[in-house]
Amino acid sequence: KYLSSPHYIRDRLLLCLVLRQNPIWREKNSKHYVSYEDMPRVGPEGAEFYPTMCQGWIVITTPGTSQAITEAAQVVRFFWIDDVWVSGLIAQHLKIQHQVIVITR
């Protein structure tokens, strides 16, 4: 089903467990604290979220998508949380729509 999807055909496939509206931690005592210098305000205080991204333990993509991500990494500002940077900020820059993977046992 994914091989015939427009995302696969256009080499813009990120198939993963998708995280939406994951809050940005602004509490300074949290190990996940993110300063406004690292990530400028992206919404009203208390309602800031990272861009849609993949939960990092599994991501399926195409060679063309990987190449586009690699090239975009040269221009998209680095962010220390790799899931946010690669499958969030870079994917957003490339206008990639995340595809939800369904894991069954």
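Procedures and definitions
- Residues numbered from 1 in each chain as written.
- Predicted model: local features only at pLDDT ≥ 70, side-chain atom pairs only at ≥ 80, totals over all residues.
- Heavy atoms only, no water.
- 1 Å grid on protein atoms, 1.4 Å probe; cavity = no way out; pocket = protein on both sides within 12 Å on 5 of 7 lines; lining within 4 Å.
- Points joined across faces, edges and corners; volume = space filled by probe spheres on them.
- Nonpolar A, V, L, I, M, F, W, Y, C, P; charged D, E, K, R; others polar.
- Pairing = 2+ DSSP bridges.
- Helix = DSSP H or I, 4+ residues; strand = E, 2+ residues; numbered from the N terminus.
- Core = buried A, V, L, I, M, F, W, Y, C linked by side-chain atoms within 4.5 Å.
- Buried < 20%, exposed > 50% of the residue type's maximum accessible area, 1.4 Å probe, protein only.
- Salt bridge = Lys/Arg side-chain N within 4 Å of Asp/Glu carboxyl O.
- Contact = heavy atoms within 4.5 Å.
- Axes fitted to C-alpha atoms, helices over the stretch in contact; angles between N-to-C directions.
- Disulfide = S-S within 2.5 Å.

Visitor: What is the right way to look at the layout of surface pockets in this model?
Guide: A probe matching the size of a water molecule, rolled over the atoms, marks out where space remains unfilled. If you add up the space inside the largest pocket, you get close to 180 Å³. Forming the walls of the largest pocket are L19, N22, P23, W25, H32, Y50, M53, W80, I81, D83 and V84. For the lining of the largest pocket, the residue count by class is eight nonpolar, two polar and one charged.

Visitor: What exactly am I supposed to notice about the pairing of strand β1 (residues 14-19) here?
Guide: In this sheet, strand β2 (residues 53-61) lies alongside β1 in antiparallel orientation, the contact comprising five bridges. The residue of β2 that forms the bridge with L14 is T61. Note that β1 and strand β3 (residues 99-100) share two bridges and pair parallel. Across the sheet, residue L15 finds its bridge partner in β3, namely Q99.

Visitor: For this particular structure, what's the right way to read the nonpolar core?
Guide: Among the nonpolar cores identified, the biggest contains 22 residues, and M39, Y50, F79 and V84 are the most heavily contacted of them. Secondary-structure elements contributing two or more residues to this core are β1, β2, α2 (63-72) and α3 (82-93). Counting residues per element, this core draws most heavily on α3, which supplies five residues.

Visitor: How should the pattern of salt bridges be read in this particular structure?
Guide: Side chains that carry opposite charge are capable of pairing whenever their charged atoms lie near each other. As enumerated under the stated definition, the model contains one salt bridge in all. Salt-bridge contacts for E48 lead to R26; the nearest nitrogen and oxygen are separated by 3.1 Å. Of this pair, E48 sits in the loop between β1 and β2 while R26 is found in the loop between β1 and β2, placing the two residues 22 residues apart along the sequence. On the basis of relative accessible area, E48 is assigned to the buried category, the value being 5%. Its relative accessible area of 18% is what places R26 among the buried residues.

Visitor: What is the right way to look at α3 in this model?
Guide: Given 3.6 residues per helical turn, the α-helix brings residues three or four places apart onto the same face. Along α3, the residues that are buried comprise V84, W85, S87, G88, L89, I90 and A91. Residues of α3 that are buried make contact with β1, β2 and α2. A positive backbone phi angle near 60° is found at K95, which sits one or two residues after α3.

Visitor: Even after reading the chapter, I still don't get the sheet that holds β2, so can you show me in this structure?
Guide: What holds strands together in a sheet is hydrogen bonding between their backbones, with the strands either parallel or antiparallel. Across the sheet, which stays open at both edges, the three strands sit in the order β2-β1-β3 with mixed pairing between neighbours. Two strands bound the open sheet, and with one partner strand each, they are β2 and β3. Of the strands in this sheet, β1 and β2 are in contact with α3, which crosses β2 at around 70°.

Visitor: How should the state of the cysteines be read in this particular structure?
Guide: Any covalent bond linking the sulfur atoms of two cysteines counts as a disulfide. Across all of its chains, the model carries one disulfide by this definition. Disulfide pairing is shown between C16 and C54; the S-S distance is 2.1 Å. Taking the sign of the S-S torsion, about -70° here, the bridge from C16 to C54 comes out left-handed. Here C16, found in strand β1, pairs with C54, found in strand β2; they are 38 residues apart in sequence, far enough to count as distant. Here C16 and C54 have matching classes, each one buried.

Read these as spatial facts, not as claims about activity.
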